[in-house]
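Structural overview
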Amino acid sequence: MKPFIVRAAAVFSDIAALVFDTLKEEDKRKRLLDSGILEVDEMTGKEFEIFLNVHFINLGYSVTLTQDSQDYGADLILYKDGFKTVVQAKRSKNPVGIKAVQEVAGAVRHYKGNKGRVITNNRFTENACKLAQSNDIELWDRKRLIEFILTAKNCK
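Here's a quick rundown of the structure. (Residues numbered from 1 in each chain as written. Predicted model: local features only at pLDDT ≥ 70, side-chain atom pairs only at ≥ 80, totals over all residues. Heavy atoms only, no water.)

With that settled, the discussion passes to the packing of aromatic side chains. Per the stated rule, a full pass over the model turns up six aromatic pairs. Here the aromatic rings of Phe-56 and Tyr-61 are separated by 5.1 Å at their centres, their planes lie at 80°, and the arrangement is edge-to-face. Its relative accessible area of 1% is what places Phe-56 among the buried residues. Residue Tyr-61 is classed as partly exposed on the basis of its relative accessible area of 23%. Summarising the aromatic geometry, the rings of Trp-140 and Phe-148 are spaced 5.3 Å apart at their centres and angled 55° between planes, so their arrangement reads as tilted. (Phe/Tyr/Trp six-rings, centres within 6.5 Å; stacked < 30°, edge-to-face > 60°. Buried < 20%, exposed > 50% of the residue type's maximum accessible area, 1.4 Å probe, protein only.)

As a further point, take the sheet that holds strand 5 (residues 137-140). Taken in spatial order, the five strands line up as 1-2-3-4-5 in an open sheet, and their pairing is mixed. Across the chains shown, the open sheet's two edge strands, defined by having one partner strand only, are strand 1 (62-65) and strand 5. This sheet shows a mean twist of 25° between the axes of neighbouring strands, independent of strand direction. When strand 2 (residues 76-80) meets strand 3 (residues 83-90), the two strands line up antiparallel, connected through five bridges. Counterpart to Leu-76 in the pairing with strand 3 is Val-87. (Pairing = 2+ DSSP bridges. Helix = DSSP H or I, 4+ residues; strand = E, 2+ residues; numbered from the N terminus. Axes fitted to C-alpha atoms, helices over the stretch in contact; angles between N-to-C directions.)

A few words on the pattern of salt bridges. The full count for this structure, using the stated rule, is seven salt bridges. Lys-90 serves as the salt-bridge partner of Glu-103, at 3.9 Å between the closest nitrogen and oxygen. Taken together, the positions of Glu-103 in helix 4 (residues 98-110) and Lys-90 in strand 3 put the pair 13 residues apart, joining distant regions of the chain. Accessibility expressed as a relative area gives 26% for Lys-90, which makes it partly exposed. Between Glu-126 and Lys-130 there is a salt bridge, with its nearest N and O atoms 3.3 Å apart. Placement of the pair is Glu-126 and Lys-130 together in helix 5 (residues 126-134), with a separation of four residues, close to one helical turn. Through salt bridges with shared partners, a single ionic network connects Lys-90, Lys-99 and Glu-103. (Salt bridge = Lys/Arg side-chain N within 4 Å of Asp/Glu carboxyl O.)

Written as structure tokens, this is what we have:
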């Protein structure tokens, strides 16, 4: 009887840990969905990627977060309606330049995407805008990011 009780306690402990982890993840997801642009401004780059991930999922996208290094210029790969969009996320205190556009343009080819997009909490330099236009890359600046956040919040 004693081994059975020990095993049952261990199983119960494993289940409790799983439930706790699930609740923690759900709480983190809710906090990210409740975040606004001011919270984004304080995030790290990785937190910003996770923030975007949660919001895109909330809008019905399937999302793959790329690995932290050797990501070939992509942070997220979005899938929806048969399209694959390659995203470079730039949480920045300064305007975003051409490097981000160059990176995502290369990543679109590498990941065989249909579209490339750079998303920032700031704005883009004039040269970044010109390069994006000639490479068919979407640029989401602070204003577009705020619109996206509000849209995603309304889908809760």
